[in-house]
2 protein chains.
Amino acid sequence: MKTKKIILPDGEMPTRWYNVVADMPTRPLPMLNPATKEPVTKELMSRIFVDELVDQELSEDRWIEIPERVQEIYKIWRCTPLVRATELEKALDLPKGIKIYYKNESTSPAGSHKPNSAVAQAYYAAKQGLKRITTETGGGQWGSALSMASAMFGLDLRVYMVKVSYQQKPYRGLMMNTWGADVFPSPSDTTEAGRAALARDPDDGGSLGTAVSEAVEMVMTHPDARYCLGSVLNHVVLHQTVIGEEALRQFEIAGDYPDVVIGCFGGGSNFGGIAYPFLRENLVNGRKTRLIAAEPTSCPKLTRGKFEYDFGDLAGFTPLIPMFTLGHEFHPADIHAGGLRYHGAGMTASQLLRDGLFEAVDIDQVESLAAGVLFAKTEGIIPAPESTHAIYAAIVEAQRAQEAGEEKTIVFNLSGHGVIDLYAYEQYLAGALKNTVLSDAEIAKTIDTLEKLV
Amino acid sequence: MKTKKIILPDGEMPTRWYNVVADMPTRPLPMLNPATKEPVTKELMSRIFVDELVDQELSEDRWIEIPERVQEIYKIWRCTPLVRATELEKALDLPKGIKIYYKNESTSPAGSHKPNSAVAQAYYAAKQGLKRITTETGGGQWGSALSMASAMFGLDLRVYMVKVSYQQKPYRGLMMNTWGADVFPSPSDTTEAGRAALARDPDDGGSLGTAVSEAVEMVMTHPDARYCLGSVLNHVVLHQTVIGEEALRQFEIAGDYPDVVIGCFGGGSNFGGIAYPFLRENLVNGRKTRLIAAEPTSCPKLTRGKFEYDFGDLAGFTPLIPMFTLGHEFHPADIHAGGLRYHGAGMTASQLLRDGLFEAVDIDQVESLAAGVLFAKTEGIIPAPESTHAIYAAIVEAQRAQEAGEEKTIVFNLSGHGVIDLYAYEQYLAGALKNTVLSDAEIAKTIDTLEKLV
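Note that the coordinates shown come from a computational prediction; the quantities given were computed from them, not determined experimentally.

Visitor: I'd like a description of the overall build of chain A, backed by residues and values.
Guide: Counting its secondary structure elements, chain A contains 18 helices and 15 strands. In terms of overall size, chain A behaves like a compact globule, its C-alpha atoms giving a radius of gyration of 20 Å where 454 residues would be expected to give roughly 22 Å. Its C-alpha atoms put chain A at 60 × 50 × 45 Å along the principal axes. Expressed as a percentage of its 454 residues, the buried residues of chain A come to 67%. In chain A, once contacts between residues fewer than 6 apart in sequence are set aside, the share between residues at least 24 apart is 77%. Counting every atom, chain A has about 14600 Å² of accessible surface; 48% of that belongs to carbon and sulfur.

Structure below.
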């Protein structure tokens, strides 16, 4: 019988994270201090972030050692399976030469890829002697992961969760509480930024931009606390490269290699996590793998945004970040893929897209959830709404190859399961979900504000 | 760095299920037709169950081949990890010679061990040319698993779910719907048995006994349908032995062997699944592993029940089953471990307990959930309320060994995750959960009815 999946034994797991900056043809522009328009200093960043994470953020080293303690915890669930989607392939009636694989990050205790960075960040925070940290979360995957990691390292955690997700997904809050974290729906009345948002609109369902503002403000007003970010910045993305590094070795064992690598795209850590190690193979070893980021049509910073300096949050507390953005005032529709509702793309991804080193596609939520149901009924796993974007993109790639009569090996990152996001499926099955069609004028409205920033 | 976990590669997975009946010192008594008091015939059973499952139920063969198609689907998530609970050990401050392992069945797409039998049952149903099946579910783990398996084999599925669980766990119903199943809270008004229960008490929160009655009645009134049971009967238990067979090989690779094997106990499939292969080693190869079934104090059929012929359901539709039981009219308290709320123990487990071949302990829900929270904060995984009983029992065994200054290797089956059962943790954290203390008189009330049956 043929092999369905490959899992690396504990002893063969990656011991280093990959930092794509070392191999980028164009290095990312520096983040700027909004007050001075000068590159941000390490000192300024260290007021917000854990010291060692700041070092990683500014590092141009190709490899960063994974601390032994982090490796130990990774082994609870890693290496995650690289699975051949044979059941999905059958349902699509694909010819033999077209193969779909998925890297199953849903088997982590928090149900997603997010613990890869959460465990690392909590480890470094505890190592620095910190007692409390704070964060934001959109769909809840990051907040859950950091809650778990904080419990493991004895840290107090406060989570600002985008209110619309908090309401759609009551189990997310309970999950974080079970691990011992405090959760506040954002906008909340615990910060100036939250109160300002509520003053503008008492029914504001929140956004990642607002939640980031609240979490950063909490840190700025509590000198003993630091902020742990779930995506966007490069230190987060590099922790996630453990996914792609494992996948490279798993493909080697499978005797196969992907022509196409796909990840959904919110801030870029899930996409970079699976794609950057394959990008290195493209840049350094002349491979020609296509890398595709799948974003929601309702939040299309890669496909319709502008490369510009912008704030990472709504209130403008963060440094100015060079990125593809829709403008930090862009308010995405309340789609179920909460983790993809972010106005900007991470720095490394933005520069790489500018240089044409990966592709981006935008996908409507009705179509992506339909792909999610097909995946659930074939491979059994109910995917996170975020991940369904990658599944849809993989199906499109497979069907195009079939039409063109080409052979193709496709892999996508199944970034998480959706069993705490079932309200999305309930609405989909009831035919109650709508797609979001954004006019050029709507997008221009917030993008045009960027010109004033730098 | 030491090995944290062991996973068998696809090519080394078990290809046969183990049937404990072949090695039992005393064979189980036959099930009886309640009308004639004669052993049930294959013909009668085949009206309710899928033909090949009836053959397995009556089989005394030691090994039953796992169909290749079932093996293929198992490989989506199996082999499940055998994990050394190093983080939990540290929190308990155990000496080096006391080791706790867990077999992590929570990584299946349905989040529990239940797909091991669900996939097999759906496979055989489809092979027989059936188009629809029905079942009951308590906590929702079995209903979810069979929903997934039914989707994979194109079967229509109707699930009767214990009402109190249906209400406590709205996501369970949504999960089954996403896979395409129809779910009815039981008692429902779709069957005579359900209507009778509602007539007795319109607020009846249901029980597995009632739900089984409804599912069996539905099959009796629909000649094209068959009933798929999630535990109790031996064909279900033997499908679950893939857990213990994997664990045996994993311990061989680990260079270790358990002194104690623990599973929580509802109908007996999860316990038998991990324990029976180790029981074989005791019986055939002279090993001395202690096997411990952990049941809830509120439903103590093993520790306080009576070995007697009894119905498997409340209405008395099933054959008479020789088992440890509290009486089929016993109505367990509405504890959160819905999968353990069943009045009787499976036939093989009952006979084995009678012969002193395993031990049983009863555990209160407040203590078991406390163990669940400790496990979540150390190993990261939020366990199903059912599984927390096994965790608690494992901790007790470890601490006793520590007090006695003994070395000990303990393994428990982590039968599922609890992220769809978070209401239990919410109540626990709020201090709102109570234990159930049953008087002897309460238990005698329903046990005493058994004397009239045979």
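Picking up after the structure, the text goes on.
Visitor: Tell me about the packing of aromatic side chains, residues and numbers included.
Guide: Residues and elements named next belong to chain A. The final tally for this structure, using the stated rule, is 31 aromatic pairs over all chains. With a centroid separation of 5.0 Å and an interplanar angle of 80°, the aromatic rings of Y102 and F375 are classed as edge-to-face. Highlighted residues: Y102 in strand β5 (residues 98-104) and F375 in helix α15 (residues 365-378), separated in sequence by 273 residues. With respect to class, Y102 is no different from F375; both count as buried. Among the aromatic side chains, those forming a connected cluster through ring pairs are Y101, F251, Y257 and F278. In this arrangement the basic side chain of R287 is found over the ring face of Y257, its NZ or CZ atom lying 3.6 Å from the centre.

Visitor: Tell me what's going on with the environment of B:L233, and back it up with residues and numbers.
Guide: Residues and elements named next belong to chain B. With respect to the helices and strands, L233 occurs in the loop between β9 (225-227) and α11 (234-254). When the C-alpha atoms of L233 and V162 are compared, they prove to be 19 Å apart, with 71 residues separating the residues in sequence. The contact partners of L233, leaving out residues within four places of it in the chain, are M31, F49 and E57.

Visitor: Talk me through the sheet that holds strand β8 (residues 182-186) of chain B; I want residue IDs and the actual numbers.
Guide: All names here are of chain B. If you trace the 4 strands from one edge of the open sheet to the other, you get β8-β7-β6-β9, paired in parallel fashion. The open sheet is flanked by β8 and β9, the only strands paired with a single partner. Taking each pair of neighbouring strands and ignoring which way they run, the sheet shows an average axis angle of 20°. Here 6 bridges tie strand β6 (residues 132-137) to strand β7 (residues 156-162), and the two strands are oriented parallel to one another. Paired with T135 across the two strands is V159, which belongs to β7.

Visitor: Now, about the relation of the copies chain A and chain B: what can you tell me, with residues and values included?
Guide: When chain A is fitted to chain B, the best match, at an RMSD of 0.0 Å, comes from turning it 180° and sliding it 0.0 Å along the axis. Classification of the inter-copy transformation places it as that of a two-fold axis. Of the C-alpha atoms belonging to chain A, the one lying closest to the rotation axis is found on A:T107, 2.7 Å away. When the interface residues of chain A are mapped onto chain B, 100% of them are again interface residues, pointing to one common binding face.

Visitor: I'd like a rundown of the layout of surface pockets, residues and numbers included.
Guide: As a volume, the largest pocket reaches approximately 430 Å³. At the level of elements, β1 (5-6) of chain A together with β1 (5-6) of chain B are the ones that each hand at least two residues to the lining of the largest pocket. Of the residues that constitute the lining of the largest pocket, the class distribution is 11 nonpolar, 4 polar and 7 charged.

Visitor: Help me get a handle on the sheet that holds strand β11 (residues 290-296) of chain B, residues and values and all.
Guide: Residues and elements named next belong to chain B. With respect to topology, 7 strands assemble into an open sheet ordered β1-β4-β5-β15-β10-β11-β14, the strand pairing being mixed. A single partner strand is all that each edge strand has here, and the edge strands are β1 and β14 (359-363). Examined bridge by bridge, β1 and strand β4 (residues 82-84) share 2 bridges and lie antiparallel to one another. In the sheet register, I6 faces β4, and the bridge partner there is L82.

Visitor: Go over the interface of chain A and chain B with me, naming the residues and quoting the values.
Guide: At the junction of the two partners, chain A supplies 53 residues and chain B supplies 53 residues. Both faces considered, chain A and chain B share a buried interface measuring about 4200 Å² in area, 63% of it formed by carbon and sulfur atoms. For the pair chain A and chain B, the number of links is 6 salt bridges. The closest approach of N and O atoms between B:K90 and A:E72, which form a salt bridge, is 3.7 Å.

Visitor: So what's going on with the state of the cysteines? Residues and values would help.
Guide: The bond known as a disulfide is covalent and runs between the sulfur atoms of two cysteines. Inspection of every chain in the model, using the stated rule, returns 0 disulfides over all chains. B:C79 takes part in no disulfide bond, and the closest cysteine sulfur to it belongs to A:C79, at a distance of 13 Å. Here B:C299 stays unpaired: no disulfide links it, and the sulfur of B:C264, its closest cysteine neighbor, is 12 Å away.

Visitor: Help me get a handle on the side chain of B:T297, residues and values and all.
Guide: Residues and elements named next belong to chain B. Mapped onto the elements of the fold, T297 is located in the loop between β11 and α13 (301-304). Reaching out from T297, the side chain makes a polar contact with the side chain of D364 at a distance of 3.1 Å. Beyond its immediate sequence surroundings of up to four residues, T297 is in contact with D362, I363, D364, T436 and L438.

Visitor: Describe the environment of B:A401, and please don't skip the residues or the numbers.
Guide: Residues and elements named next belong to chain B. Note on placement: A401 falls in helix α16 (residues 385-404). When its relative accessible area of 1% is taken as the criterion, A401 is described as buried. Between the alpha carbons of A401 and I382 there is a distance of 26 Å; along the sequence they are 19 residues apart.

Visitor: I'd like a description of the domain arrangement of chain A, backed by residues and values.
Guide: All names here are of chain A. Here the domain parsing of chain A yields domain 1 (22-68 + 114-234) and domain 2 (72-111 + 241-447). Using only C-alpha atoms to locate each centre, domain 1 and domain 2 end up separated by 22 Å. Listed per partner, the contact involves 54 residues of domain 1 and 56 residues of domain 2. Carbon and sulfur atoms make up 66% of the area that domain 1 and domain 2 hide from each other, which totals about 4500 Å².

Visitor: Would you mind going over helix α10 (residues 208-220) of chain A in detail, with residue names and values included?
Guide: All names here are of chain A. Between the first and last C-alpha of α10 there are 18 Å, a value that for 13 residues agrees with the 18 Å anticipated at 1.5 Å per step. Along α10, 12 of the 13 residues are buried, which leaves the element largely enclosed by surrounding structure. Structurally, α10 contributes buried residues whose contacts are with α1 (42-48), β6 (132-137), β7 (156-162), β8 (182-186), α9 (192-200) and β9 (225-227).

Visitor: So what about the pattern of salt bridges? Which residues, and what values?
Guide: In this structure the tally under the stated criterion is 52 salt bridges over all chains. Here B:E87 makes a salt bridge to A:R69, at a shortest N to O gap of 2.5 Å. In this pair, B:E87 is assigned in helix α4 (residues 86-92) and A:R69 in helix α3 (residues 68-74), connecting two distinct chains. For B:E87, a relative accessible area of 8% puts it in the buried group. B:R78 is the partner of B:E105 in a salt bridge, and the nearest nitrogen-oxygen pair spans 2.8 Å. With a gap of 27 residues between them, B:E105 in the loop between β5 (98-104) and α5 (115-127) and B:R78 in the loop between α3 (68-74) and β4 connect regions that are remote in the sequence. Each member of the pair, B:E105 together with B:R78, is buried. Via salt bridges that share partners, A:R69, A:E72, B:E87 and B:K90 belong to a single interconnected network.

Visitor: Can you lay out unusual backbone geometry for me, pointing to particular residues and giving the numbers?
Guide: Following A:S186, the chain continues into A:P187 via a peptide bond in cis, with omega recorded as 10°. Tracing the chain through its elements places A:P187 in the loop between β8 and α9. With an omega dihedral of -5°, the bond running from B:R78 to B:C79 counts as a cis peptide bond. Positionally, B:C79 belongs in the loop between α3 and β4. You will see that A:D93, though not glycine, has its phi angle at about 55°, which is positive. Among the secondary structure elements, A:D93 is positioned in the loop between α4 (86-92) and β5.

About the cut-offs
- Residues numbered from 1 in each chain as written.
- Chains lettered and ligands numbered in written order.
- Predicted model: local features only at pLDDT ≥ 70, side-chain atom pairs only at ≥ 80, totals over all residues.
- Heavy atoms only, no water.
- Helix = DSSP H or I, 4+ residues; strand = E, 2+ residues; numbered from the N terminus.
- Rg over C-alpha atoms; globule rule 2.2 N^0.38 Å.
- Buried < 20%, exposed > 50% of the residue type's maximum accessible area, 1.4 Å probe, protein only.
- Contact = heavy atoms within 4.5 Å.
- Areas by Shrake-Rupley, 256 points an atom, 1.4 Å probe, with all protein chains shown as cover.
- Phe/Tyr/Trp six-rings, centres within 6.5 Å; stacked < 30°, edge-to-face > 60°.
- Lys NZ or Arg CZ within 6 Å of the ring centre and 35° of its normal.
- Pairing = 2+ DSSP bridges.
- Axes fitted to C-alpha atoms, helices over the stretch in contact; angles between N-to-C directions.
- Least-squares fit on C-alpha atoms with pLDDT ≥ 70 in both.
- 1 Å grid on protein atoms, 1.4 Å probe; cavity = no way out; pocket = protein on both sides within 12 Å on 5 of 7 lines; lining within 4 Å.
- Points joined across faces, edges and corners; volume = space filled by probe spheres on them.
- Nonpolar A, V, L, I, M, F, W, Y, C, P; charged D, E, K, R; others polar.
- Buried area = accessible area lost by both parts, 1.4 Å probe.
- Salt bridge = Lys/Arg side-chain N within 4 Å of Asp/Glu carboxyl O.
- Disulfide = S-S within 2.5 Å.
- Polar contact = N/O pair within 3.5 Å; in protein donor to acceptor, adjacent residues only side chain to side chain.
- Domains from an automatic or database assignment.
- Expected span 1.5 Å × (residues − 1).

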